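What follows is the residue order along each chain.
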Amino acid sequence: MHYETTVPTVADRVAQMVAKMVLEPELEPHFHPDSYGYRPNKSAIDAVGVTRQRCWKFDWVVDLDIRSFFDSMDHTLLLRAVYKHTDCKWMRLYIERWLKAPAQLEDGTLIPRVRGTPQGGVISPLLANLFLHYGFDRWMRQSHPDVPFERYADDVVVHCRTQAEAQQMMKAIGQRLTECGLELHPEKTKIVYCKDGQRRQDYPMVKFDFLGYSFQPRQAKSHRGNLFLNFSPAVSAKAAKSIRSTIRSWKIHRWTQLSMEEIAASFNPVLRGWINYYGSYYRSMLAPILGQLDYALIRWTRRKYKRLNGSPTKARTWIKRIAQQDPGLFAHWAITRPAMAE
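Colleague: Explain the packing of aromatic side chains here, please?
Modeller: Any pair of aromatic rings gets described here by the distance separating the centres and the angle formed by the planes. This structure, assessed with the given rule, holds 18 aromatic pairs. Ring geometry for Trp60 and Tyr203: centres 4.8 Å apart, planes at 85 degrees, overall edge-to-face. Taken as a pair, Trp60 in strand β2 (residues 60-65) and Tyr203 in the loop between β7 (190-193) and β8 (208-210) lie far apart in primary sequence, 143 residues in all. You can call Trp60 buried: its relative accessible area is 3%. Look at Tyr203 and you get buried, because its relative accessible area is 18%.

Structure representation (structure tokens):
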């Protein structure tokens, strides 16, 4: 049955923000250091960096996928955790009311909600972290203190020394989540071998995605210039597809009423965001992705300047000359300009 969640009102969102501001400082000292999602002074790229380091130290990874996590959180367990950390009556009552706000069917009918959190709530990520703090993080620290992990909301990577340990951990984690009313996705949860030049065991799964990065064996160059096989992150195919789709949606070739400087000013903030995040590791992988913007600029040039419309080569040469004269005009030219100059 398909249904839509009720959208929080402005008053609800303000109240949720107040509750978050009160509850978060109480919860933060208790949270696990390897929980990175929606927390102050922690970020997704921090989690990617720690994952990269640990994949070099540990041969195996359990890539966990919790099925429909945000729709499956048990209200009783979540409220028990909330009550453990606050005796404030208004906050307890408000969070319970918000959790149990009815869901709305497509025909407008309201049905009671017994599990999950409505999306779009300001306090929802904090409550999700609280649920998995007790459901996963704290349990891992107590039951498997020598097994490191990184968690960003419901996206989790667990590092193991052997294949047998990885199999045991996947089974144990599955049982633990079942106790909390959750379920591992049987197709998406997998064991991965962190294969590189030193790890040569034959295993079918040698790749996993985490926070927009694909971790897999890649050619790398040592400080002495020698090539070797490394297990490293780079922008994932899914993230690359999303970037390309966003660039296409801009329809830059239609913006002929603007100057190139105005176009650059419009899109540079987004380009810098992509480069700062996805360019943190294996930056060269971004070049062919962001290069799509250069082709869009060539189309824009041909439509704006009629003398160049008949010749893609002339338009490309014109763009290349602008890039050489003002390499900082577009943020992505720091990555794609060398390819343009070939």
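Having seen the structure, we can now continue with the description.
Colleague: Teacher, can you tell me more about the pattern of salt bridges here?
Modeller: Opposite charge on two side chains permits pairing when their charged atoms draw close. In this structure the tally under the stated criterion is 13 salt bridges. Residue Asp59 pairs with Arg199 through a salt bridge whose shortest N-O separation is 2.8 Å. With Asp59 in the loop between α2 (44-57) and β2 and Arg199 in the loop between β7 and β8, this residue pair connects regions lying 140 residues apart in the sequence. A residue is classified by how much of its surface remains accessible, and Arg199, at 7% relative accessible area, is buried. For Lys190, the salt bridge goes to Asp63, with nearest N and O atoms at 2.8 Å. With Lys190 in strand β7 and Asp63 in strand β2, this pair connects stretches of sequence that are 127 residues apart. The exposure class of Lys190 is partly exposed, given its relative accessible area of 22%. If you follow the salt bridges from partner to partner, you end up with Asp34, Arg54 and Glu150 in one network.

Colleague: Explain a nonpolar patch on the surface here, please?
Modeller: Together, Val10, Val14, Val18, Val22 and Trp90 give the surface a local cluster of nonpolar side chains, amounting to about 460 Å² of exposed area. Here the nonpolar patch gets four residues from one element, more than from any other, and that element is helix α1 (residues 10-27). Here Val22 shows up in helix α1.

Colleague: Explain the pairing of strand β6 (residues 155-160) to me, please; I cannot follow it from the model alone.
Modeller: The two faces of the sheet receive side chains in turn, since in a regular strand these alternate between them. For β6, the buried fraction is high: five of the six residues fall into the buried class. The pairing of strand β5 (residues 149-152) with β6 spans four bridges and is classified as antiparallel. Its bridge partner lying in β6, Tyr152 is registered against Asp155. The antiparallel pairing of β5 with β6 creates a hairpin that spans two residues between the two strands, and Ala153 there sits at a positive phi of about 55 degrees.

Colleague: Would you take a moment to explain helix α10 (residues 287-304) for this structure?
Modeller: At 3.6 residues per turn, the α-helix brings residues three or four places apart onto the same side. Between its first and last C-alpha atoms α10 spans 25 Å; for 18 residues at 1.5 Å apiece the expected length is 26 Å, and the two agree. Among all positions in α10, only Ile289, Leu290, Gly291, Leu293, Asp294, Ala296, Leu297, Ile298, Trp300 and Thr301 are buried.

Colleague: Looking at this structure, I do not really get the packing of α1 against helix α6 (residues 124-143). What am I missing?
Modeller: Helix packing geometry: the angle between the two helix axes and the distance between the axes. Two elements in contact, α1 and α6, have axes separated by 10 Å at closest approach and are oriented at 30 degrees. Between α1 and α6, the angle is such that the two are roughly parallel. The interaxial crossing formed by α1 with α6 has left-handed handedness. Of the residues in α6, those touching α1 at Lys20, Leu23, Glu24 and Leu27 are Leu126, Leu127 and Leu130. When grouped by side-chain class, the residues that make up the contact of α1 with α6 number five nonpolar, no polar and two charged.

Colleague: Just to check I follow, could you spell out the nonpolar core for this structure?
Modeller: In a soluble, globular protein the nonpolar side chains are often hidden away together inside. Among the nonpolar cores identified, the biggest contains 54 residues, and Phe208, Ile252, Met260, Tyr278, Leu290, Phe330 and Trp333 are the most heavily contacted of them. Of the residues forming this core, the biggest block, nine residues, is contributed by helix α9 (residues 260-278). If we ignore the near neighbours within four places in the chain, the residues touching Tyr278 are Gly212, Tyr213, Val235, Ala239, Ile243 and Leu286. In this structure, Phe31, Leu79, Leu126 and Val158 belong to the second largest nonpolar core, which totals 46 residues.

Colleague: Is there a simple way to think about the sheet that holds β2 in this case?
Modeller: Two pairing modes exist for strands in a sheet, parallel and antiparallel, and in both the strands are linked by backbone hydrogen bonds. On the basis of which strands lie adjacent, the open sheet formed by four strands has the order β5-β6-β2-β7 and antiparallel pairing. Bordering the open sheet on either side are β5 and β7, each of which pairs with just one other strand. In this sheet, adjacent strand axes meet at a mean angle of 20 degrees when their direction is disregarded. The pairing of β2 with β7 spans four bridges and is antiparallel. Within the sheet, the bridge partner assigned to Trp60 lies in β7 and is Tyr193. Relative to the sheet, helix α7 (residues 163-179) contacts β2, β6 and β7, its axis offset from that of β2 by approximately 20 degrees.

How each quantity is defined
- Residues numbered from 1 in each chain as written.
- Predicted model: local features only at pLDDT ≥ 70, side-chain atom pairs only at ≥ 80, totals over all residues.
- Heavy atoms only, no water.
- Phe/Tyr/Trp six-rings, centres within 6.5 Å; stacked < 30°, edge-to-face > 60°.
- Helix = DSSP H or I, 4+ residues; strand = E, 2+ residues; numbered from the N terminus.
- Buried < 20%, exposed > 50% of the residue type's maximum accessible area, 1.4 Å probe, protein only.
- Salt bridge = Lys/Arg side-chain N within 4 Å of Asp/Glu carboxyl O.
- Patch = residues over 30% accessible without salt bridge, like charges linked within 9 Å, V, L, I, M, F, W, Y side chains within 5 Å.
- Areas by Shrake-Rupley, 256 points an atom, 1.4 Å probe, with all protein chains shown as cover.
- Pairing = 2+ DSSP bridges.
- Expected span 1.5 Å × (residues − 1).
- Axes fitted to C-alpha atoms, helices over the stretch in contact; angles between N-to-C directions.
- Parallel < 35°, antiparallel > 145°, perpendicular 65-115°, else oblique.
- Left-handed = near helix turned anticlockwise from the far one by under 90°.
- Contact = heavy atoms within 4.5 Å.
- Nonpolar A, V, L, I, M, F, W, Y, C, P; charged D, E, K, R; others polar.
- Core = buried A, V, L, I, M, F, W, Y, C linked by side-chain atoms within 4.5 Å.

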